[in-house]
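# Examining the three-dimensional arrangement
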Amino acid sequence: MKKVFNYRLLGHFLTVVGLFCLYIFFININNALSSSLKSHQQITPTKRPFNLFNLEESADTIFNLVQKVGAKPVANIQKTRLKKNETLSSALKRVNFENYHITKITNSIKELNKGTKILSSLPVGMVIHYSNPSSLTGGALKLKYNKTRDIFVWQDLKNNYISQVFFRPTRTEDMLVRGTIKNNLYISALKSGIPENTLLEMISLLGFSVDFQREIRSGDSFEVLFTKEIDILSNLVTQTKPIMYVSMNLSGNKLHFFNYKDKYGLPQYYDENGKSSKRTIMKTPINGARLSSGYGNRKHPILGYTKMHRGLDFAAPSGTPVFAAGDGIIEKAGWNGSYGKYIRIRHTGTYKTAYAHLSGFHKNVKIGRKVLQGKIIGFVGNTGRSTGPHLHYEVIKNNIQVNPMRIKLPAGKNISKSNIKNYKKHVKNILNHKMALEKLSRNKELAINNHNTSKILIVY
Ligand SMILES: [Zn+2]
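Keep in mind that this is a model prediction, so the values were computed, not measured.

Quick look at the overall build of the chain now. For the chain, the helix and strand inventory stands at eight helices and 24 strands. The contacts of the chain with a sequence gap of at least 6 include a subset with a gap of at least 24, amounting to 66%.

Moving on, we come to the nonpolar core. The biggest cluster of nonpolar side chains holds 32 residues, and the ones touching the most others in it are Val322, Ile343, Tyr355, Leu358, Ile377 and Leu391. For this core, the leading source of residues is strand S20 (residues 351-361), giving six residues. Among all residues touching isoleucine 377, those that are not within four sequence positions of it are Val322, Phe323, Ala324, Ile343, Tyr355, Phe361, His362, Val365 and Val371. Counting 22 residues, the second-largest nonpolar core is a separate cluster that includes Phe222, Phe257, Tyr270 and Ile415.

Whenever strands of a sheet pair, they do so through backbone hydrogen bonds, lying parallel or antiparallel. Spatial ordering of the open sheet is given by S2-S3-S4-S5-S6, a layout of five strands whose pairing is antiparallel. Looking at strand neighbours, the two that pair on one side only are strand S2 (78-81) and strand S6 (161-167), the edges of this open sheet. With strand direction ignored, the average angle separating the axes of adjacent strands in the sheet is 20 degrees. In terms of strand pairing, strand S3 (residues 127-131) meets strand S4 (residues 140-143) through four bridges, oriented antiparallel. Among the inter-strand pairings, serine 131 is bridged to a residue of S4, identified as alanine 140. Sheet strands touched by helix H4 (residues 99-110): S4, strand S5 (149-155) and S6. Its angle to S6, the strand with the most contacts, is close to 45 degrees.

Attention shifts here to the pairing of S5. For S5, the tally of buried residues reaches six of seven residues, placing the bulk of the element in the interior. Here S4 runs beside S5; their pairing, made up of four bridges, is antiparallel. The residue of S5 that forms the bridge with lysine 142 is phenylalanine 152. Once S4 ends, the chain turns through five residues before running back antiparallel as S5. Taken together, the seven bridges between S5 and S6 define a ladder with antiparallel strand orientation. When the sheet's bridge partners are listed, isoleucine 151 is paired in S6 with valine 165. The hairpin turn running from S5 into S6, its antiparallel successor, is five residues long, and asparagine 159 in that turn takes a positive phi close to 70 degrees.

Here we come to unusual backbone geometry. Its identity is not glycine, yet asparagine 235 carries a phi of approximately 65 degrees, on the positive side. Locating asparagine 235 in the fold gives a position in the loop between strand S8 (221-231) and strand S9 (237-240).

So, about helix H2 (residues 62-69). Among all positions in H2, only Ile62, Leu65 and Val66 are buried. Viewed along the axis of H2, the buried residues span an arc of 100 degrees, placing them on a single side of the element. Taken together, the buried residues of H2 touch S3, S4 and S5. Phi turns positive one or two residues past the end of H2, at glycine 70, with a value near 70 degrees.

How each quantity is defined
Numbering of residues starts from 1 in every chain and runs along the sequence as written. Only residues with pLDDT of 70 or above have their local features reported here, since the model is predicted, and side-chain atom pairs are shown and tallied only from 80 upward, although totals for entire chains, interfaces and linings are computed over all residues. The helix and strand labels rest on DSSP assignments: H or I over at least four residues marks a helix, E over at least two residues marks a strand, and numbering proceeds from the N terminus. Note on contacts: residues are paired as contacts if their backbone-placed C-beta atoms lie within 7 Å. Any nonpolar core is a set of buried residues, restricted to Ala, Val, Leu, Ile, Met, Phe, Trp, Tyr and Cys, that join up through C-beta atoms within 7 Å. Remark: C-beta atoms are placed from the backbone, and a residue is labelled buried if 20 or more other C-beta atoms sit within 10 Å of its own, exposed if 12 or fewer do, or partly exposed between those counts. Pairs of strands are assigned from DSSP output, requiring at least two bridges between the strands. Each axis is a line fitted through C-alpha atoms, taken for helices only over the stretch in contact, and angles between the N-to-C directions span 0 to 180 degrees. What the arc describes is the spread of directions from the helix axis to the C-beta atoms.

Okay, structure coming up:
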């Protein structure tokens, strides 16, 4: 097979997508800015940061904690980071804690649930706030253990060390981001504040329906609605929830997908009519044919030597119809060297399928035309380097042939008839929520201008 395919990495694929110029950026924040917003703002229940009565929530500083728990007062709070190959003990030693205190501190952490594991899994670079113990002041530590948890260690009034893990308080924000495509989606969307997870999620869920490389035109637009969780103390995003809604407008052709949990509670996406966002590619794009040669090394029937066979061969009489393995665009239809009469369909930015040794093409098959899964595109033949009538079928992922039997493209199930009523109700709720956010954003933009805050990026 003479055909040489270019290998492209995901990054490259994304850079050709087109620059998204995000012109509106809406958020629903339940924070300080809300004072300037009207009362119709939705308040989602969030944990308050300084309510430490039940000791479930983190304090921002050691001072704050010591005050709340009534610990031994602390002096200066200093800061260091856990270095490579350092343990907590060696880090404390470095910042002049005495061995006596170090032992007491590590013992107190070991008494925590999974304490020994915590001590052995402290991340390199972890911020350690500390107060050195003296006769008058207490030793204390605050370890920023991970995104959601802090560990505090302090001395009580009897000089005993106590450790506790605290959850950092969070709030959630629903965000509706709208953009118009001008150039690079990836870079601009990230710049605008869309978390990377959400962007990748969006690309993979639209990837079944949109060929990002070819179908995107300047002026096309998108909308995405999602929830993010924010650490109230640091104001950083700690996690994002699965996208609730995403839509794209491709040259006037509108796609909408809604998140609807399946019976396992996993997010699945469907269009407004309940059709799954997932399209699979057929493994056998021909009816009643026999698989005559599989994927892998084999002795080539004509060339005589062992050669990698990068496709599947289906033996069938000449003239047997061949189907499009999935929805897509005809990329090539014509003579292609040893492949003989050949068709290649581009399904998404990632997947293509190819059909070789055909005797002829269906009359509707023209380069650049759209075909639907299961439609006849051509007929089995014996053209090119072939020993008898058969279909040579290839699945091409990122421009490299892969084993069609091994591809794991999940077949999407549509919403069942019995569930469609509930689903449509759910769609309506999401659209209402989106409209409420749009309304809110108008006030929000005013509020932001008044406060002279530029936290929210509006890029033109
Ligand atoms: Zn073959």
